[in-house]
Amino acid sequence: MKTILLPLSLVAALAASAAGAQTTTAPQSTTPQTPVVAATLPNSFDRAQDPQIPTASSPNPTAAPASAPDIARAETALREVILALQSGQVDYAVFSDDLAGKLRPQAEQVGALLQQFGALKTMTHPGQPDGVDLFRVEFENQATEWVIGFDNDDQIAALLFRPAED
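No experiment lies behind these values; they were computed from the predicted model shown. (Residues numbered from 1 in each chain as written. Predicted model: local features only at pLDDT ≥ 70, side-chain atom pairs only at ≥ 80, totals over all residues. Heavy atoms only, no water.)

## A short note on the packing of aromatic side chains
According to the stated counting rule, one finds three aromatic pairs in the structure shown. Note on Tyr92 and Phe95: the rings are 6.4 Å apart at their centroids and 45° apart in plane angle, and the pair reads as tilted. Owing to a relative accessible area of 2%, Phe95 belongs among the buried residues under this scheme. Look at Phe117 and Phe139: their rings are 5.4 Å apart centre to centre, the planes differ by 55°, and that puts the pair in the tilted class. Taken as a pair, Phe117 in helix 4 (residues 107–117) and Phe139 in strand 4 (residues 133–139) lie far apart in primary sequence, 22 residues in all. The same class applies to Phe117 as to Phe139, namely buried. (Phe/Tyr/Trp six-rings, centres within 6.5 Å; stacked < 30°, edge-to-face > 60°. Buried < 20%, exposed > 50% of the residue type's maximum accessible area, 1.4 Å probe, protein only. Helix = DSSP H or I, 4+ residues; strand = E, 2+ residues; numbered from the N terminus.)

Written out as structure tokens, the structure is:
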């Protein structure tokens, strides 16, 4: 399965943010110390290939099922974020500080890309892998997959998207 990389460094930056990246200092050397960021994020998009990641058709019996209000909240938030990015009117208060800081310099580029996708037509929720919500979002000119997750303060702390793989 090949993931198409969007012309954004946002995906990598958001992955580090969503995984709760840790900043550590490089080992002692004769050169000045440089911060190193290390993080991992399971590939939430590849739910069908990983039996540990639940899908809508094969839920993880140990995971709490997503409730309808939680899914509705995530869908509403995602819809608002997409429309805000397309219009260039992003409310950064809905994002965690870390994610807002990474999104801010790229919002114009992401918005322009989303504008090319056309009007948002439909959203479906195929599952909730690893505590984040996965959505298939259909635009007039593009089908996409999105991951959105919230932190303990109910702010968006994870936001990733890619072209849908049919």
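## Here's the deal with helix 4
Taken together, the buried positions of helix 4 are occupied by Ala107, Val110, Gly111, Leu113, Leu114 and Phe117. Looking straight down helix 4, one finds that the buried residues subtend no more than 160° of arc, so they occupy a single side. With respect to the buried face of helix 4, the exposed residues turned more than 90 degrees away are Glu108 and Gln116. Positive backbone phi, at 90°, marks Gly118, one or two positions downstream of helix 4. (Arc of directions from axis to C-beta.)

## Side note on the nonpolar core
In this structure, Leu78, Phe95, Val137, Trp146 and Leu159 are the most contacted members of the largest nonpolar core, which totals 28 residues. Of all the secondary structure elements, the ones that give two or more residues to this core are helix 2 (68–87), helix 3 (97–103), helix 4, strand 3 (120–127), strand 4, strand 5 (143–150) and strand 6 (156–163). A per-element tally of this core places helix 2 first, with seven residues. (Core = buried A, V, L, I, M, F, W, Y, C linked by side-chain atoms within 4.5 Å.)

## A few points about the confidence of the model for the protein chain
The predicted model of the protein chain has a mean per-residue pLDDT of 72, with 58% of residues at 70 or higher. Note on residues 1–42: pLDDT is under 50 here. Beyond four places in sequence and across chains, it has 64 contacts. Low pLDDT, under 50, characterises residues 47–64; the predicted model gives this stretch 19 contacts beyond four residues in sequence or across chains. (pLDDT = per-residue confidence, 0-100. Contact = heavy atoms within 4.5 Å.)

## Description of the sheet that holds strand 6
Pairing is antiparallel across the open sheet formed by four strands, whose spatial order is 3-4-5-6. Looking at which strands have only one partner, the edges of the open sheet turn out to be strand 3 and strand 6. Averaged over all pairs of adjacent strands, the angle between strand axes in this sheet comes to 25°, irrespective of strand direction. Bridge analysis of strand 3 against strand 4 gives five bridges, and the strand direction is antiparallel. Note that in strand 4 the partner of Thr122 across the bridge is Glu138. Of the strands in this sheet, strand 4, strand 5 and strand 6 are in contact with helix 4, which crosses strand 6 at around 45°. (Pairing = 2+ DSSP bridges. Axes fitted to C-alpha atoms, helices over the stretch in contact; angles between N-to-C directions.)

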